[in-house]
Amino acid sequence: MAGQGFQIDLFIKILPELLRGAAITVQLTAFSVAIGTLIGLFAGMARISHYKIFNLPSAFYVEVIRGTPLLVQIMIVYYGLPALGFNLDQYTSGILALSINSGAYIAEIFKAGIKSIKKGQTEASISLGLNYMQTMRYVILPQATRNILPALGNEFIALLKDSSLVSVIAISELLRRGMIVYSRTYDAWTPLLGVALIYLCITIPLSRAVQFIEKRWEIHD
Amino acid sequence: MIKKISMKKKSEKNIISNGGPVIKMVNVTKSFGELVVLRNINVEIKKGEVLVVLGPSGSGKSTLIRCINRLEKINEGKILLDGKDIYSPDMDVHKLRTRVGMVFQQFNLFPHMKVIDNIMLSPIKVKNIPKDKAKEEAMELLKKVGLEDKFNSFPHELSGGQQQRVAIARALAMNPEVMLFDEVTSALDPELVKGVLETMKELATMGMTMVVVTHEMGFAKEVADRVIFMDEGIIIEENEPKELFENPQNPRTQAFISKIL
Ligand SMILES: Nc1ncnc2c1ncn2[C@@H]1O[C@H](COP(=O)(O)OP(=O)(O)O)[C@@H](O)[C@H]1O
Ligand SMILES: [Mg+2]
């Protein structure tokens, strides 16, 4: 069977298995982006703070995460944390690594989003007696979040693809399911092209949706 | 004529209340880095008084009023609100700002909130007023500025003049003791200026203490109790509007007045 190219019969047969992997991929990504957004929100606010105790650690975090490969981060979390006495299963390790990773990118997105709001908004808000946190919560973040939704969407798409890296710690996500089929059938083309196809089926509609939102908002502003 | 009478009432009220000035600036100096923007400013604003601040662009007018609600920090001197130093440790800056309303040239309404929510934000979040009551008061204020039918609109659905009147209502919602206006009609199309000035005039008539930075000479002549002329961070001249416009003493004031009249 090996080396015969893409076989549609085999593809249909393994499709349910691959789709179960795709579901895990989407789940991993969704959890990680959700947690990453929370991390990114606070790291992003810390990043623009005038206080060094906030902005220095945040800058350090962002630099370190963006300056090292995700694969290394995944390995450190999965193999390194148990050495410190934290025993996490693969799935939790994967989500943790992906969340920490996306948090750094999302921090930069929030930072840009908050900075894009005109100074007059903050001045008007604090002139009404609102404090910094209230100003952020009721005035700046609602506007900033709307501005950064497309960027968050793109981050989701990027992380969805990057999440394939957690296959190295044996999480049965999409790519790993494909590899399992390959090792069983010795056919590389069908499962791997199938995997690629499924990734595309998820990412293309998503990026269209992001573009659609961007366009609509351009018209409305 | 009506205006004259109400002005008179106002000054009588001043005498009755007989407190010290609402705002007193003593030897205030403010710099941005090397640039000295306010030099040794001394101003007093009495209760119910309308003070107009005139001066060329860059003379420090905005900075002067922004110091009063601590949007800018002064380097030297003192600012007293009702006799109390606004930098004293037990003066909470957020509380201070609820007592001093501010209206900006660019309106600065919150674009993601409806008109009514713009107005209710501070009463609800800062003053902890129940939502129903805050809404009632906000509607009352909207009526006052002639926009009660716009309560459910978003700011971008309003004209600049309407937005500015909402901004005034928003500042009034905290029941401030003083209102600061920073060139609030400068960003408006000429035909929209009048409505905003009317609203401000009405406020003045009701006895609001106001500090108004403006180039609108008509407004200054009609509504101001006192006018100060600033240049390069110094108060060059201070007088009643009629005197200052018709009989300016300082050559710089003369040059400025002749240019804008
Ligand atoms: N945040 C700031 N940083 C540095 N310089 C400033 C700042 N705000 C105002 N200035 C300067 O202070 C001077 C006075 O400004 P401003 O009070 O806005 O004048 P006006 O309102 O009379 O036009 C100007 O030279 C201006 O460039
Ligand atoms: Mg100005």
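Please refer to the structure higher up on the page.
Residues numbered from 1 in each chain as written. Chains lettered and ligands numbered in written order. Predicted model: local features only at pLDDT ≥ 70, side-chain atom pairs only at ≥ 80, totals over all residues. Heavy atoms only, no water.

Q: Break down a positive patch on the surface for me, with residues and values.
A: Together, R137 of chain A together with K125, K131 and K135 of chain B make up a positively charged patch on the protein surface. Looking at the element boundaries, K125 of chain B is found in helix α4 (residues 115-125). (Patch = residues over 30% accessible without salt bridge, like charges linked within 9 Å, V, L, I, M, F, W, Y side chains within 5 Å. Areas by Shrake-Rupley, 256 points an atom, 1.4 Å probe, with all protein chains shown as cover. Salt bridge = Lys/Arg side-chain N within 4 Å of Asp/Glu carboxyl O. Lys, Arg positive; Asp, Glu negative; His and termini not counted. Charge placed at Lys NZ, Arg CZ, Asp CG, Glu CD. Helix = DSSP H or I, 4+ residues; strand = E, 2+ residues; numbered from the N terminus.)

Q: Mind laying out the sheet that holds strand β3 (residues 50-54) of chain B, listing which residues take part and the relevant values?
A: Hydrogen bonds along the backbone pair up the strands of a sheet, which may run parallel or antiparallel. All names here are of chain B. Across the sheet, six strands lie side by side as β6-β7-β8-β3-β9-β10; this open sheet has mixed pairing. Two strands in the sheet have a free side with no partner beyond their single neighbour: β6 (100-103) and β10 (234-239). Pairs of neighbouring strands in the sheet enclose a mean axial angle of 20 degrees, with direction left out of account. Examined bridge by bridge, strand β7 (residues 178-182) and strand β8 (residues 209-213) share five bridges and lie parallel to one another. Considered in β8, the bridge of M179 is made with M210. (Pairing = 2+ DSSP bridges. Axes fitted to C-alpha atoms, helices over the stretch in contact; angles between N-to-C directions.)

Q: Please give an account of the site of ligand 1 that cites residues and values.
A: Residues and elements named next belong to chain B. As a structural note, the neighbourhood of ligand 1 is formed by F32, L35, V37, P56, S57, G58, S59, G60, K61, S62 and T63. A distance of 3.2 Å separates an oxygen atom of ligand 1 from a polar atom in the backbone of S59. Between ligand 1 and T63 there is a distance of 2.5 Å, counted from an oxygen atom to a side-chain nitrogen or oxygen. Computed on the free molecule, ligand 1 has an accessible area of 550 Å², of which 60% lies beneath the protein chains in the complex. Here the element with the most residues in the shell around ligand 1 is helix α2 (residues 61-68); it accounts for three residues. For the shell around ligand 1, the class distribution of residues is four nonpolar, six polar and one charged. (Near = heavy atom within 4 Å. Polar contact = N/O pair within 3.5 Å; in protein donor to acceptor, adjacent residues only side chain to side chain. Nonpolar A, V, L, I, M, F, W, Y, C, P; charged D, E, K, R; others polar.)

Q: Describe the side chain of S153 of chain B, and please don't skip the residues or the numbers.
A: If you trace the backbone, S153 of chain B turns up in the loop between α5 (131-144) and α6 (160-172). Sequence-distant contacts of S153 of chain B, defined by excluding residues within four places in its chain, comprise K114, V115 and L158 of chain B. (Contact = heavy atoms within 4.5 Å.)

Q: Mind laying out the interface of chain B and chain A, listing which residues take part and the relevant values?
A: At the interface, 22 residues of chain B touch 16 residues of chain A. Interface area for chain B against chain A, summed over the two sides, is near 1600 Å², with a carbon-plus-sulfur share of 64%. When the buried surface of chain B facing chain A is broken down by residue, F110, H112 and K125 of chain B rank first, second and third, together holding 29% of it. At the junction of chain B and chain A, the tally comes to one salt bridge. (Buried area = accessible area lost by both parts, 1.4 Å probe.)

Q: Which residues make up the sheet that holds strand β1 (residues 23-32) of chain B, and what are the values?
A: Residue and element names in this part refer to chain B. Here we have four strands laid out as an open sheet, ordered β2-β1-β4-β5, and antiparallel in their pairing. For this open sheet the edge positions go to β2 (35-45) and β5 (84-85), each flanked by a neighbour on one side alone. As paired strands, strand β4 (residues 76-81) and β5 are joined by two bridges and run antiparallel to one another. Bridging from a neighbouring strand, L81 pairs with K84 of β5.

So far we have only geometry, and geometry alone does not tell us how the molecule works.
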